[in-house]
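For reference, the chains in residue letters:
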Amino acid sequence: GPQRTQLHLEVNGQSRPVDIEPRTTLLDVLREQLDLTGAKRACDRGECGACTVLVDDQPMYACHLLAIQVRGRKIVTIEGLAERADFRPLLEAFVANDAGQCGFCVPGFAVAAYAALRRYPEADAPQLRWELVGHICRCNAYEKIVAAVCDAAQRH
């Protein structure tokens, strides 16, 4: 097989050593080597948003990034966000608005929503909807998800 590469990735504020093939995706590293399973494998084509993580504070699909591409960049997963106090209002809003449904898509939506609320703290519902384009909820809970994100914006 392809030659393996050892590198360190900064994930959730910690330097994590990984041993990868050059073609290994960030999603594979997170789930299979680092046991961070919040980013979900769904479409594996960058179409659903279930694998969204922050890379240098920008939401990105982990299935579309090679791990080697994010060397030297700051990666934050839903597990890392869960430890942040400023994530709590969003989490509480998702619970209060029953935006979880089955819960499979929630981590991706929550990561994207967190980034949107940090970038646009005064955003209105249409702008927040736009920020969540590219995320699919198979339970069709879009209205509850948008309500949760708008509620979180009010809680900030």
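Refer to the structure printed above.
What you see is a predicted model; the values in this text were computed from it and never measured. (Residues numbered from 1 in each chain as written. Predicted model: local features only at pLDDT ≥ 70, side-chain atom pairs only at ≥ 80, totals over all residues. Heavy atoms only, no water.)

Visitor: Give a description of the overall build of the chain that names residues and reports values.
Guide: Along the chain, the regular secondary structure elements total six helices and five strands. Ordered by position from N to C terminus, the α and β elements of the chain give β-β-α-β-β-β-α-α-α-α-α. Over its C-alpha trace the chain gives a radius of gyration of 16 Å, about what one expects of a compact globule, namely 15 Å for 156 residues. Referenced to the eigenvectors of the C-alpha coordinate spread, the extents of the chain come out at roughly 50 × 30 × 20 Å. With 156 residues in all, the chain has 44% of them scored as buried. Taken as a whole, the chain presents about 8,100 Å² of accessible surface, with 48% of it coming from carbon and sulfur. Placing the 18 positive and 20 negative side-chain charges of the chain at their respective mean positions leaves the two points 3 Å apart. (Helix = DSSP H or I, 4+ residues; strand = E, 2+ residues; numbered from the N terminus. Rg over C-alpha atoms; globule rule 2.2 N^0.38 Å. Buried < 20%, exposed > 50% of the residue type's maximum accessible area, 1.4 Å probe, protein only. Areas by Shrake-Rupley, 256 points an atom, 1.4 Å probe, with all protein chains shown as cover. Lys, Arg positive; Asp, Glu negative; His and termini not counted. Charge placed at Lys NZ, Arg CZ, Asp CG, Glu CD.)

Visitor: I'd like a description of the pairing of strand β4 (residues 58-61), backed by residues and values.
Guide: Both strand β3 (residues 52-55) and β4 contribute to a ladder of four bridges, which runs antiparallel. Along β4, the bridge assignment pairs V55 with Q58. Where β3 folds back on β4, the antiparallel hairpin that results is connected by two residues, among which D56 adopts a positive phi of roughly 50 degrees. (Pairing = 2+ DSSP bridges.)

Visitor: Outline the pairing of β3, supporting the account with residue identities and numerical values.
Guide: Here β3 shows a buried face lined by T52 and L54 and a second buried face lined by V53 and V55. As paired strands, β3 and strand β5 (residues 74-76) are joined by two bridges and run antiparallel to one another. Along β5, the bridge assignment pairs L54 with V76.

Visitor: Can you explain helix α4 (residues 106-119)? Please cite residues and give values.
Guide: Along an α-helix, residues three or four positions apart point the same way, because every turn accommodates 3.6 residues. Over its 14 residues, α4 extends 20 Å from the first C-alpha to the last, a length consistent with the 20 Å expected when each residue adds 1.5 Å. Listing the buried residues of α4 in full gives V106, P107, G108, F109, A110, V111, A112, A113, Y114, A115, A116 and L117. Tucked inside the fold, the buried residues of α4 contact β3, β4, α2 (78-81), α3 (88-96), α5 (125-131) and α6 (142-155). (Expected span 1.5 Å × (residues − 1). Contact = heavy atoms within 4.5 Å.)

Visitor: Please set out the nonpolar core residue by residue, giving values where relevant.
Guide: L90, F94, I145 and V149 are the most contacted members of the largest nonpolar core, which has 30 residues in total. Contributing elements (two or more residues each) for this core: α2, α3, α4 and α6. Tallying contributions element by element places α4 first for this core, with ten residues. Not counting chain neighbours up to four residues away, the residues in contact with V149 comprise L90, F94, A113, L117, L128 and L132. (Core = buried A, V, L, I, M, F, W, Y, C linked by side-chain atoms within 4.5 Å.)

Visitor: Go over the packing of α4 against α6, please, and point to the residues and values.
Guide: Relative to each other, α4 and α6 sit at 35 degrees, their axes nearing to 11 Å. Read as a crossing pair, α4 and α6 show a hand that is right-handed. Of the residues in α6, those touching α4 at F109, A113 and L117 are Y142, I145, V149, A152 and A153. (Axes fitted to C-alpha atoms, helices over the stretch in contact; angles between N-to-C directions. Left-handed = near helix turned anticlockwise from the far one by under 90°.)

Visitor: Pulling in residues and values, what's your account of the packing of α3 against α6?
Guide: Look at α3 against α6: their axes get within 8 Å of each other, and the N-to-C directions meet at 140 degrees. Here α3 lies oblique to α6, going by the angle between them. Seen from above, α3 lies across α6 with right-handed handedness. On α6, the residues touching P89, L90, E92, A93, F94 and A96 of α3 are I145, A148, V149, D151, A152 and R155. Among the residues forming the contact of α3 with α6, the class breakdown is nine nonpolar, no polar and three charged. (Parallel < 35°, antiparallel > 145°, perpendicular 65-115°, else oblique. Nonpolar A, V, L, I, M, F, W, Y, C, P; charged D, E, K, R; others polar.)

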